[in-house]
Number of protein chains: 2
Amino acid sequence: MTFSEENYLKTIYHLTSVSDTDISTNAIAEKMETKASSVTDMLKKLSEKDLVNYVKYQGVSLTDKGKLAAKMIVRKHRLWECFLVEKLDFSWDEVHDIAEQLEHIKSEKLINKLDDFLGNPTEDPHGDPIPDANGRIIKVEKQLLSEFEKNQIGICVGVKDTSSDFLKYLDKQEIALGSQIEIIEKESFDSSFRIRVGSKEITISNKIASNLYIK
Amino acid sequence: MTFSEENYLKTIYHLTSVSDTDISTNAIAEKMETKASSVTDMLKKLSEKDLVNYVKYQGVSLTDKGKLAAKMIVRKHRLWECFLVEKLDFSWDEVHDIAEQLEHIKSEKLINKLDDFLGNPTEDPHGDPIPDANGRIIKVEKQLLSEFEKNQIGICVGVKDTSSDFLKYLDKQEIALGSQIEIIEKESFDSSFRIRVGSKEITISNKIASNLYIK
DNA sequence: TATAATTTTTAGCTTTGCCTAAATTTAATT
DNA sequence: AATTAAATTTAGGCAAAGCTAAAAATTATA
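Residues numbered from 1 in each chain as written. Chains lettered and ligands numbered in written order. Predicted model: local features only at pLDDT ≥ 70, side-chain atom pairs only at ≥ 80, totals over all residues. Heavy atoms only, no water.

A. Broad picture of the domain arrangement of chain A. Along its sequence, chain A is organised into domain 1 (3-62) and domain 2 (143-214). Its C-alpha centre places domain 1 of chain A at a distance of 33 Å from the equivalent point of domain 2 of chain A. (Domains from an automatic or database assignment.)

Right under this line is the structure:
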């Protein structure tokens, strides 16, 4: 499997986890910042290898084989992110691009030994679940902060957007995984939130609230 | 820099360290298990980028820029080998192929943090020196066991051949880096050696002796 | 030194993965 | 239902990195 094939599988996997309908050529092209015609080429190739179900003009879905392959790539990505943060002391906003490279290293033995070395973590530094060696995922019940109501209290357990900009913003506001968050007020005008994080009170926009997972 | 370019630079670097004359197209082709015509193509490309000095029909050498680039790849390869052996508990005969992949990961910050995490080792699991972040190498005085004389005693500090087969043979004979080796007898007929390793006496062929570094 | 053998390069072709532009299919709108 | 708009595919091309076969340069040998 080439890097490019792996990247397509991963993209289709991520898009599927959002909607769970067939994925359009354009959606893939946009996510991968490439052209629709390139996507069509690759879908034919992946279909040939039985990694996706592809019907011309109708979109794609992953086959069981393709889904497992995608999960193994995600597993590698997230385990490497754990390694970078926990062992090499990277911050959570720096690890994505490096893990994007490391996820393509081919060695089952390596990834399983890395898994053990890290203590078999079930979540990466952004709170996303890590598939086990068989592709099984432990799903954690969680809601977006934006869906919470006034006076509710929860713990931040994940982020939806994992961009460096967003993560740095959270660092600045001292919001981290494990932080306790209490909704003090919901502003109906702009849907912003007044929240308490630890001992501090701050105001966050709806966009921020829509990218924080709470439990 | 592409993976392929990096592999060519690394190969030229290794060939240079053996002979230190200009390297022939065929020598590179043989080492990389590719065709001479492919090598010619790449040499033009590397020359264009000022990474090698290339004169048609006359062979190549690395420029300063090329040599530094090659050393950085070697640095990455050997640091990853240390990681695999020391942290993930791989044996020294398993790490080459994986490090061959890992050496192409692009992130200076990563490799320097890995270096620190490992305690800034100066040698990899086969006793080969690890260039520092500036490309500097600490050379250790060492001789091939085959050049030793009867009754001499030394410590095994490296291996010339790093193939899995050779390393497994050494494991079987309980020869490791740090082992004390004493020459009991040199057999003139086939140039084999009778040696004492720790408390055991064994016979090794000249080929084996020609691939063990002793200090 | 002339010729043979070897090495190296050139020329032209293949595959992968991407692109643009044109054609086709599907979806939306009047 | 017909037409327009949007999405998708096809056709044809490009660059990287490899290959084979033929040409050219270098080296070895008679």
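Moving on, there is more to tell.
B. Quick peek at the protein's contact with DNA strand C. Within the structure, DNA strand C sits among 21 residues, and T2(A), S38(A), K45(A), Y54(B) and K56(B) are positioned closest to it. Atoms of DNA strand C within 4 Å of the protein belong to the sugar or the phosphate in 76% of instances, the rest to bases. The separation between a base nitrogen of DNA strand C and a polar side-chain atom of D41(A) is 3.3 Å. Y57(B) places a polar main-chain atom, nitrogen or oxygen, 2.9 Å from a phosphate oxygen of DNA strand C. For the surface near DNA strand C, the elements supplying multiple residues, two or more each, are α1 (3-19) and α3 (36-48) of chain A together with α2 (25-32) and α3 (36-48) of chain B. (Near = heavy atom within 4 Å. Polar contact = N/O pair within 3.5 Å; in protein donor to acceptor, adjacent residues only side chain to side chain. Helix = DSSP H or I, 4+ residues; strand = E, 2+ residues; numbered from the N terminus.)

C. Structural view of helix α7 (residues 164-172) of chain B. Residues and elements named next belong to chain B. Taken as a whole, α7 has its buried residues at F166, L167, Y169 and L170. The buried side chains of α7 occupy one side of the element, clustering within an arc of 155° when seen end-on. For α7, the exposed residues lying more than 90 degrees away from the buried face are D165 and K172. Contact partners of the buried residues in α7: β4 (153-159), β7 (200-204), α8 (206-209) and β8 (212-214). Just beyond α7, the residue with positive phi is E174, at close to 60°. (Buried < 20%, exposed > 50% of the residue type's maximum accessible area, 1.4 Å probe, protein only. Arc of directions from axis to C-beta. Contact = heavy atoms within 4.5 Å.)

D. How the structure looks around the sheet that holds strand β5 (residues 180-186) of chain A. All names here are of chain A. The antiparallel open sheet is built from 6 strands, whose spatial order is β3-β8-β4-β5-β6-β7. Every interior strand has two partners, whereas the edge strands, β3 (143-144) and β7 (200-204), have only one. Bridge count for β3 against strand β8 (residues 212-214) is 2 bridges, and the pairing is antiparallel. Bridge pairing in β8 places Q143 opposite I214. Seen against the sheet, helix α7 (residues 164-172) touches β4 (153-159), β7 and β8 and runs at an angle of roughly 145° to β4. (Pairing = 2+ DSSP bridges. Axes fitted to C-alpha atoms, helices over the stretch in contact; angles between N-to-C directions.)

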